[in-house]
Amino acid sequence: MKAFQELQARASASWEAISNTSKTRIIVGAATCGRASSALKTLEAIRAEVARQGLNAQVETTGCIGLCYEEPLVDIIKPGGPRVSYGNVTADKAPSLLEEVLAKGGQAADMAIGVHSTDGTGLPSFFDQPFFRGQERRLLTRCGLIDPTSIDHYIATGGYASLDKVLSTMQPDE
């Protein structure tokens, strides 16, 4: 459907602008389990610290990634770098995390849960966590990776593509 292709193009442009920015992306898990663990206070502390240090960073939120026992979760993606997840980042720990990772260029390995790629950082793979072993996420593939309140994020990462295919190219018996 032409209308859906237009939606996809708009959503992809929006996603591309967020994903390929020259700014560091700081993503705070703000789903129910994160909020129960004071993620909103962590989010406020991170925003305040970014402003205080004048960091070239954009602060975002995401939904549940599944590691409730590690909440509040904070992911940091430096331009051209891998996504690194940090666990138990309370509001009082947020300034030191940003100082170590962004101002000093370190990894804060003591707080790192893992890296979302194999890039030679020396950090463990995020998906080697016991919680993820043996899982093949299908329906929940986007959980924790997109802003769950953004339809553009969903469409840009393949959401509704199957529905479009069914409605535009398939016959009822298919």
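Further up the page is the structure itself.
Residue positions are counted from 1 within each chain, in the order its sequence is given. Local features in this predicted model are restricted to residues whose pLDDT is 70 or higher, and side-chain atom pairs enter the listing and the counts only when it is 80 or higher, whereas totals over whole chains, interfaces and linings include all residues. With hydrogens and water set aside, each side-chain value is computed from the structure's full complement of heavy atoms.

Asks: How should I be thinking about the overall build of the protein chain in this particular structure?
Replies: Secondary structure summary: the protein chain contains six helices and five strands in total. Helix numbering and strand numbering both begin at the N terminus, where a helix is a DSSP run of H or I of at least 4 residues and a strand a DSSP run of E of at least 2. Listing every helix and strand of the protein chain by position from the N terminus yields α-β-α-α-β-β-β-α-β-α-α. Oriented by its inertia axes, the alpha-carbon framework of the protein chain measures out at about 60 × 35 × 35 Å. A 1.4 Å probe rolled over the protein chains alone gives each residue an accessible area, and that area as a share of the maximum for its type sets the label: buried under 20%, exposed over 50%, partly exposed in between. Out of the 174 residues belonging to the protein chain, those deemed buried represent 40%. In the protein chain, of all internal contacts separated by at least 6 residues, the share reaching a separation of at least 24 is 64%. Using a 1.4 Å probe, the Shrake-Rupley method yields the accessible areas, and only the shown protein chains count as cover for residues. Taken as a whole, the protein chain presents about 9,600 Å² of accessible surface, with 53% of it coming from carbon and sulfur. Counted as positive: Lys and Arg. Counted as negative: Asp and Glu. His and the chain ends are not counted at all. In this description, the location of a charge corresponds to atom NZ of lysine, CZ of arginine, CG of aspartate or CD of glutamate. In the protein chain, which carries 17 positive and 20 negative side-chain charges, the distance between the mean positions of the two groups comes to 2 Å. Here, residues are in contact when the closest pair of their heavy atoms is within 4.5 Å.

Asks: Help me understand empty space enclosed by the protein in this model?
Replies: It is a probe the size of a water molecule, rolled over the atoms, that shows where empty space is left. A cavity, in this analysis, means grid points on a 1 Å lattice covering only the protein atoms where a 1.4 Å probe fits yet has no way out; a pocket is instead an open set bounded by protein on both sides within 12 Å along at least five of seven lines, and a residue lines either one if it has an atom within 4 Å of a point. Grid points are joined across faces, edges and corners, and a volume is the space filled by probe spheres set on the points. Here the structure, examined in full by the defined rule, presents two cavities of 30 Å³ or more. Lining the largest cavity we find 14 residues, and of these Gly29, Thr62, Ile65, Leu73 and Asp75 sit closest to its centre. Secondary-structure elements contributing two or more residues to the lining of the largest cavity are β1 (24–29) and β4 (83–86). No other element matches the three residues that β1 contributes to the lining of the largest cavity. Residues are sorted three ways: Asp, Glu, Lys and Arg are charged, Ala, Val, Leu, Ile, Met, Phe, Trp, Tyr, Cys and Pro are nonpolar, and all the rest, Gly among them, are polar. Taken together, the residues of the lining of the largest cavity sort by class into six nonpolar, five polar and three charged. There is about 40 Å³ of room inside the second largest cavity. Mapped by element, the contributors of at least two residues to the lining of the second largest cavity are β1 and β2 (57–62).

Asks: Mind showing me how you'd approach a nonpolar patch on the surface here?
Replies: Together, Ile151, Tyr160, Leu163, Val166 and Leu167 line one region of the surface with nonpolar side chains, adding up to about 470 Å² of accessible area. With three residues, the single largest contributor to the nonpolar patch is helix α6 (residues 161–169). As for its position among the elements, Leu167 is in helix α6. The exposure class of Leu167 is exposed, given its relative accessible area of 56%. Residues enter a patch when their relative accessible area is above 30% and they make no salt bridge; the linking distance is 9 Å between like charges and 5 Å between nonpolar side chains (Val, Leu, Ile, Met, Phe, Trp, Tyr). Note on definitions: salt bridges are taken to be side-chain nitrogens of Lys or Arg within 4 Å of carboxyl oxygens of Asp or Glu.

Asks: Help me understand the packing of helix α3 (residues 39–53) against helix α4 (residues 94–103) in this model?
Replies: For any two helices packed against each other, one specifies the inter-axial angle together with the distance between the axes. Note on definitions: angles span 0 to 180 degrees between N-to-C directions of axes, and those axes are lines fitted to C-alpha atoms, for helices only across the stretch in contact. Relative orientation of the contacting elements α3 and α4 amounts to 50°, with a least axis distance of 9 Å. Classified by the angle their axes make, α3 and α4 are oblique. As for the relative orientation of α3 and α4, their crossing is right-handed in sense. On the side of α3, the interface is formed by Ala45, Ile46, Glu49, Val50 and Gln53, while α4 contributes Ala94, Pro95, Leu98, Glu99 and Ala103. For the contact of α3 with α4, the per-class residue count stands at seven nonpolar, one polar and two charged. Roughly parallel here means an angle under 35 degrees, roughly antiparallel means over 145, roughly perpendicular means 65 to 115, and every remaining angle is called oblique. Crossing handedness follows the turn of the near helix against the far one: under a right angle anticlockwise gives a left-handed crossing, and clockwise gives a right-handed one.

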